[in-house]
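# Per-entry structural report
Read off the chains here:
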Amino acid sequence: MGAIEETTDAQVQKQFDINVFGVLRTIRAFLPGLRAQGSGTIMNVSSIGGIHSYPSNGAYCATKFALEGISEALAAEVEPFGIRVTIVEPGYFRTAFLASVAGSGAADFLAEENPAYAGTVAHEARKAFWAYNGKQPGNPVEGAARMWEYVAGEGLFKGKERLLRLPLGTDTGTQMRKTAEEYARTADYYEEVWKSTDFKE
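Residues numbered from 1 in each chain as written. Predicted model: local features only at pLDDT ≥ 70, side-chain atom pairs only at ≥ 80, totals over all residues. Heavy atoms only, no water.

### With respect to the overall build of the protein
Put simply, the rule is: Each helix is a run of H or I in the DSSP string that is no shorter than four residues. Each strand is a run of E no shorter than two, and both are numbered from the N terminus. Working definition: with a 1.4 Å probe on protein chains only, accessible area under 20% of the residue-type maximum means buried, over 50% means exposed, and in between means partly exposed. The criterion used for residue contact is that any of the two residues' heavy atoms lie within 4.5 Å. Only four residue types enter the tally: Lys and Arg on the positive side, Asp and Glu on the negative side; His and the chain ends are excluded. Each charge is placed at NZ for Lys, CZ for Arg, CG for Asp and CD for Glu.
Each helix and strand in the protein was counted, giving 7 helices and 3 strands. Counting from the amino terminus, helix and strand elements in the protein follow one another as α-β-α-β-α-α-α-β-α-α. Expressed along its principal axes, the backbone C-alpha trace of the protein runs to roughly 55 × 55 × 30 Å. The proportion of buried residues among the 201 residues of the protein is 33%. For the protein, long-range pairs separated by at least 24 residues make up 71% of all intrachain contacts whose partners lie at least 6 apart in sequence. Between the mean site of the 20 positive side-chain charges and the mean site of the 25 negative ones, the protein shows a separation of 7 Å.

### Notes on the pattern of salt bridges
Note the threshold: The salt bridge definition used is simple: a Lys or Arg side-chain nitrogen within 4 Å of an Asp or Glu carboxyl oxygen.
This structure, assessed with the given rule, holds 6 salt bridges. Between R165 and E72 there is a salt bridge, with the nearest N and O atoms lying 2.5 Å from each other. Separated by 93 residues along the polypeptide, R165 in strand β3 (residues 165-168) and E72 in helix α2 (residues 58-78) bring together distant segments of the chain. With relative accessibility at 31%, the residue R165 sits in the partly exposed group. For the salt bridge of E149 with R146, the shortest nitrogen-to-oxygen distance reads 2.9 Å.

### Details of the sheet that holds strand β2 (residues 83-90)
Inclusion rule: Strand pairing is assigned whenever DSSP identifies at least 2 bridges connecting the two strands. All axes are obtained by fitting lines to C-alpha atoms, using only the stretch in contact for helices, and the reported angles, taken between N-to-C directions, cover 0 to 180 degrees.
Here we have 3 strands laid out as an open sheet, ordered β1-β2-β3, and parallel in their pairing. Edge strands, defined here as strands with exactly one partner in the open sheet, are β1 (40-45) and β3. Direction aside, neighbouring strands of the sheet carry axes that sit 25° apart on average. Against the sheet, helix α1 (residues 9-37) touches β1 and β2, its axis set at about 165° to β1. Along the sheet, helix α5 (residues 140-152) makes contact with β1, β2 and β3, crossing β3 at roughly 160°.

Structural data, given as structure tokens:
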């Protein structure tokens, strides 16, 4: 975690190796078996950071944006085989995620600070990791329960259509609405611009 300029190629590569290539390898390993049985659910864990990127989280969020794109395509590709793909988008849950950044091993998770960013949103975000740790709104037990219910078609999902995305946490739901509004506003505001770039046939 750090401002984009602060992160090294090796740090970003490690993020992608775990969050993107690790997922791709696992999916490829399981798909032959799932296709053979004609059913299954692939549940890829994205993040609120796959909906909107945040200062000092750009590299991490980039991996989640990549996972969203992979999952969208995969969902269409494997639907003919009876396989469902779900993109789980948890917000901040009270787990060890921020504790790892705020704790004794923080050096393993934080990019080296560039003094040029002192006092900017990038370094304020770093401070927020410590302040927010232990105060995240999400309950991981409830989050895991919703994921299980989604796959089983039980609980809050009984009789409901199961959509591609599964937002978890009030912070994610709120951000999803803000992002949708931003896209709609941009499309409306630049309608003349995007319409002007087509061939006039």
